[in-house]
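Summary of structural features
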Amino acid sequence: AVAAVSCAQPGRSAAREDVDWRVTGGEPGMTRYSPLDQITSKNVKSLRVAWVYHAGDASPQNRSEIQATPIVVRGVLYSTSPSLALFALRAATGQLLWRFDPFARQSRRESHVNRGVAYWESGTDQRLFYTAGRRIWCVDAATGLPVTTFGEHGSIDLASGIDRDVSRTQLVATSPGVVYGDLLIQGSRVSEGEGAAPGDVRAFDVRTGKLRWIFHTIPRAGEPGAETWADSARATAGGANSWPGMTIDPVRGIVFVPTGSASPDFYGGERIGQNLYANSLLALDAATGRRIWHFQTVHHDVWDRDLPAAP
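The present account deals with the structure reproduced in this document.

Here is what the cut-offs are and how they apply
- Residues numbered from 1 in each chain as written.
- Predicted model: local features only at pLDDT ≥ 70, side-chain atom pairs only at ≥ 80, totals over all residues.
- Heavy atoms only, no water.
- Helix = DSSP H or I, 4+ residues; strand = E, 2+ residues; numbered from the N terminus.
- Rg over C-alpha atoms; globule rule 2.2 N^0.38 Å.
- Buried < 20%, exposed > 50% of the residue type's maximum accessible area, 1.4 Å probe, protein only.
- Contact = heavy atoms within 4.5 Å.
- Areas by Shrake-Rupley, 256 points an atom, 1.4 Å probe, with all protein chains shown as cover.
- Pairing = 2+ DSSP bridges.
- Axes fitted to C-alpha atoms, helices over the stretch in contact; angles between N-to-C directions.
- 1 Å grid on protein atoms, 1.4 Å probe; cavity = no way out; pocket = protein on both sides within 12 Å on 5 of 7 lines; lining within 4 Å.
- Points joined across faces, edges and corners; volume = space filled by probe spheres on them.
- Phe/Tyr/Trp six-rings, centres within 6.5 Å; stacked < 30°, edge-to-face > 60°.

A few words now on the overall build of the protein. The secondary structure content of the protein amounts to one helix and 22 strands. In summary, the protein has a C-alpha radius of gyration of 20 Å against a globular reference of 19 Å for 311 residues, a match within 12%. Each of the three principal axes of the protein carries a C-alpha extent, and together these read 70 × 45 × 40 Å. Relative to its full complement of 311 residues, the protein shows a buried share of 49%. Counted over contacts in the protein with a minimum sequence separation of 6, partners at least 24 positions apart contribute 56%. Within the structure as shown, the protein displays about 15,200 Å² of accessible surface, and the carbon and sulfur contribution to it stands at 53%.

Note: strands within a sheet are paired through backbone hydrogen bonds, in either parallel or antiparallel orientation. Taken in spatial order, the four strands of this open sheet run β3-β4-β5-β6, and their pairing is antiparallel. Two strands close off the open sheet at either side, each with one partner strand: β3 (71-73) and β6 (96-100). Sheet twist, expressed as the average angle between the axes of neighbouring strands with direction ignored, equals 20°. Direction of pairing for β3 relative to strand β4 (residues 76-80): antiparallel, over a ladder of three bridges. Counted as the bridge partner of I71 is Y78 from β4.

Here the second largest pocket is characterised by a volume of approximately 510 Å³. Lining the second largest pocket are 30 residues, and of these V23, T24, M30, G177 and V178 sit closest to its centre. At the level of secondary structure, the elements contributing two or more residues to the lining of the second largest pocket comprise β7 (118-122) and β12 (178-180). In terms of residues, the lining of the second largest pocket owes the most to one element, β7, which gives four residues.

As a further point, take the packing of aromatic side chains. Under the definition given, this model contains six aromatic pairs. Plain terms: the ring middles of F215 and Y277 are 5.4 Å apart, the flat faces sit at 55° to each other, and that makes the pair tilted. In this pair, F215 sits in strand β16 (residues 211-215) while Y277 sits in the loop between β20 (262-263) and β21 (280-285), placing the two residues 62 residues apart along the sequence.

Here you go:
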């Protein structure tokens, strides 16, 4: 369930104007800070439930729960349900405006944790992006309908651009991508065992879904960092993926990308070396994917020491 609380404000002549929460971390820098001041340490004890929205699709077969941080844009709250349905609510009242089910026309439903959605707008064109199963969906924020000019009738394959067969291994995205200009920069969650998909970071055109750039977190031959891997390991190792979310510096045009360990997580005998860019904080040119710098926290990790949060 999604709930809202409110409190009385005796003595205030006018309520402060609402401030949007357009990114899961509040703003592109992921500071999780709001300047709103109606709720204070003095009146927080007076909070009462204002409304509750029941998603209604949790079940013994689907044990996922709502982990998404809702975003709010112009008084509308956007979030996802345990079954990965995307919904829009009137933030002041909890009134359901629309609900989108990505599996409505499929015989099989997929289930995984979702931690939020990404928002982009240009004029009256307002779009939401999130991943359900192996598809990145682009949904009209006003109507709740897929934007059919994006990818294949509103979605693209999360495996787009990966130059390895990943059809038989886990590939989802638990954290939302981040938006820079007209780009959706997307990470992924992959298996932690042998045969895992590589954690390539990719940027897609928000209007068309076309791949604009890709950064190989397990470098290909000739790319910087390739010397930290055995030749055979670069072709078979997976992971080094960014599952916890990323941070954008819109002024400098930098995306900061935290990565996890290389797979398999607990055995490194077939990937001798420092294994760049696993367990690293990457600073990439957000427009091109070019590496600016990196800092690796653990060399050759065999203890699953992922960087667990957007910086």
